[in-house]
Amino acid sequence: MLIAGNWKMNAASMEEFGKMLARAPEAAAKGVDLLVCPPFVLLHRLAEQAQGSVLEIGAQDSHYEDEGAFTGNVSPRMLADSGATAVILGHSERRSDHRESDELVAKKALAAQRAGLRTIVCVGESEEERDAGEAEAVVTRQLIGSLPDTLDPAGLIVAYEPVWAIGTGRTASTDDIGSMHGLIRSGLARRLSSRAVPILYGGSVKPANASQILSVDNVGGALVGGASLKADDFLAIALAAPDGRR
Ligand code: PEP
């Protein structure tokens, strides 16, 4: 299982990060990997502190080129040089605030894999799309568009994050999570001939709901926003993972 923390444009204190590092072996003993994705400017510092630890550091976005005239952007190779081992791509906040298309996410995913980064590709429907009965169609379209068929499934992770559940305190029901993760699982088998890609759930995961969510079929972990800023909450989510689940 993987519990990935997306700090967004927040900086948890170094004290909180120190606690996460200190307690990461408890999660590892349960077969749970921890990944922390801070803002770009903290990557190098946190990666240095995490050296030798089981906790990994990732980024929240990257460009599709290795270098060039792209003001304000950071390439996946630069992230890897800073000590990141993973990157989140196509998060709904990038898709809505920066108008990122499936096509762009697909280019970024290939570039991230070229740089050797594990690549977390996010998909998920809006509330209007769910109310209109289009959730499955939207997620299927995002999967097809955001995952080029040349992508290596070995370094790929998919995160299902219903947009209406992100940062709202609302979560999808365990039935809806199970059916969407089942759909994604079969889509990945068809598209990339892989049954082993971890599928994370994201959307208001907290210590209080983690055990229920992480026990659903085809849930391989969680992508956690708000609750990843506090070491106690982040660790409680990791330790709520069912025993022996990869
Ligand atoms: C996220 O940002 O990916 C997320 C799931 O946020 P939160 O846990 O705060 O809903």
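Heads up: the structure comes first, above all this text.
Residues numbered from 1 in each chain as written. Predicted model: local features only at pLDDT ≥ 70, side-chain atom pairs only at ≥ 80, totals over all residues. Heavy atoms only, no water.

*Asks:* Explain the pairing of strand S3 (residues 56-59) to me, using residue names and the numbers behind them.
*Replies:* Two strands pair when backbone bridges link them, and strand S2 (residues 33-37) and S3 are joined in this way by two bridges, in the parallel orientation. Opposite Leu35, over in S3, you have Glu56 as the bridge partner. Judged from the two bridges that link them, S3 and strand S4 (residues 86-89) form a sheet pairing that is parallel. Considered in S4, the bridge of Ala59 is made with Val87. Taking the sense of rotation as the criterion, the β-α-β connection linking S3, helix H3 (residues 76-81) and S4 turns out right-handed. (Pairing = 2+ DSSP bridges. Helix = DSSP H or I, 4+ residues; strand = E, 2+ residues; numbered from the N terminus. Right-handed = clockwise from strand over helix to strand, strands pointing away.)

*Asks:* Quick rundown of the site of the ligand? Include the residues and the values.
*Replies:* In the neighbourhood of the ligand, 14 residues make up the surrounding shell, with Lys8, Glu161, Gly167, Ser204 and Gly225 lying closest. Asn6 has a polar side-chain atom sitting 3.4 Å from an oxygen atom of the ligand. In this structure, an oxygen atom belonging to the ligand sits 2.8 Å away from a main-chain N or O atom of Gly225. For the ligand, the accessible surface in isolation is 290 Å², of which the surrounding protein chains cover 97%. (Near = heavy atom within 4 Å. Polar contact = N/O pair within 3.5 Å; in protein donor to acceptor, adjacent residues only side chain to side chain. Areas by Shrake-Rupley, 256 points an atom, 1.4 Å probe, with all protein chains shown as cover.)

*Asks:* Lay out the side chain of Asn209 with the relevant residues and their values.
*Replies:* Along the chain, Asn209 falls in helix H9 (residues 207-214). There is a polar contact of 3.0 Å between the side chain of Asn209 and the backbone oxygen of Ser204. Discounting chain neighbours no more than four positions away, the residues touching Asn209 are Thr171 and Ser204. (Contact = heavy atoms within 4.5 Å.)

*Asks:* Tell me about unusual backbone geometry, and please be specific about residues and values.
*Replies:* A positive phi is found at Ser193, a non-glycine position, where the angle reads about 50 degrees. Residue position: Ser193 is located in the loop between helix H8 (174-192) and strand S7 (199-202). Here Ser204, not a glycine, exhibits a phi torsion of approximately 55 degrees, which is positive. Inspection of the secondary structure assignment puts Ser204 in the loop between S7 and H9.

*Asks:* Could you give an account of the pattern of salt bridges, with specific residues and numbers?
*Replies:* Taken as a whole, this structure holds 16 salt bridges when the rule is applied. A salt bridge links Lys108 to Asp61; its shortest N-O distance comes to 2.8 Å. Here Lys108 is found in helix H5 (residues 102-114), whereas its partner Asp61 is found in the loop between S3 and H3, with 47 residues between them in sequence. Note on Lys108: relative accessible area 4%, which makes it buried. Between Arg130 and Asp176 there is a salt bridge whose closest N-O contact spans 3.5 Å. You can see Arg130 sitting in helix H6 (residues 127-131) and its partner Asp176 sitting in helix H8, a full 46 residues away along the chain. For Asp176, a relative accessible area of 29% gives the class partly exposed. (Salt bridge = Lys/Arg side-chain N within 4 Å of Asp/Glu carboxyl O. Buried < 20%, exposed > 50% of the residue type's maximum accessible area, 1.4 Å probe, protein only.)

*Asks:* Which residues make up the packing of helix H7 (residues 135-146) against H8, and what are the values?
*Replies:* A packed helix pair is summarised by two numbers, namely the angle formed by the two axes and the spacing between the axes. As a packed pair, H7 and H8 sit with axes 11 Å apart at the nearest point and diverge in direction by 30 degrees. Where H7 crosses over H8, the two elements pack in a sense that is right-handed. Contacts from Ala135, Glu136, Val139, Thr140, Leu143 and Ile144 in H7 reach Met180, Leu183, Ile184 and Arg191 in H8. Taken together, the residues of the contact of H7 with H8 sort by class into seven nonpolar, one polar and two charged. (Axes fitted to C-alpha atoms, helices over the stretch in contact; angles between N-to-C directions. Left-handed = near helix turned anticlockwise from the far one by under 90°. Nonpolar A, V, L, I, M, F, W, Y, C, P; charged D, E, K, R; others polar.)

*Asks:* Can you break down the state of the cysteines residue by residue, with the values?
*Replies:* Tallied over the full model, the rule gives zero disulfides. Distance from the sulfur of Cys37, which forms no disulfide, to the nearest cysteine sulfur (Cys122) is 9.5 Å. Cys37 sits in the buried class, given a relative accessible area of 0%. (Disulfide = S-S within 2.5 Å.)

*Asks:* Lay out the packing of aromatic side chains with the relevant residues and their values.
*Replies:* What the rule picks out here adds up to three aromatic pairs. Aromatic side chains Trp7 and Phe17 sit 6.2 Å apart centroid to centroid with 85 degrees between the ring planes, which places their arrangement in the edge-to-face category. Here Trp7 is found in the loop between strand S1 (2-6) and helix H1 (14-29), whereas its partner Phe17 is found in helix H1, with ten residues between them in sequence. Overall, Phe17 belongs to the buried group, its relative accessible area being 0%. Over the aromatic face of Tyr64 sits the side chain of Lys107, whose NZ or CZ is 4.0 Å from the ring centroid. (Phe/Tyr/Trp six-rings, centres within 6.5 Å; stacked < 30°, edge-to-face > 60°. Lys NZ or Arg CZ within 6 Å of the ring centre and 35° of its normal.)

Interpretation in functional terms is not warranted from these geometric data alone.
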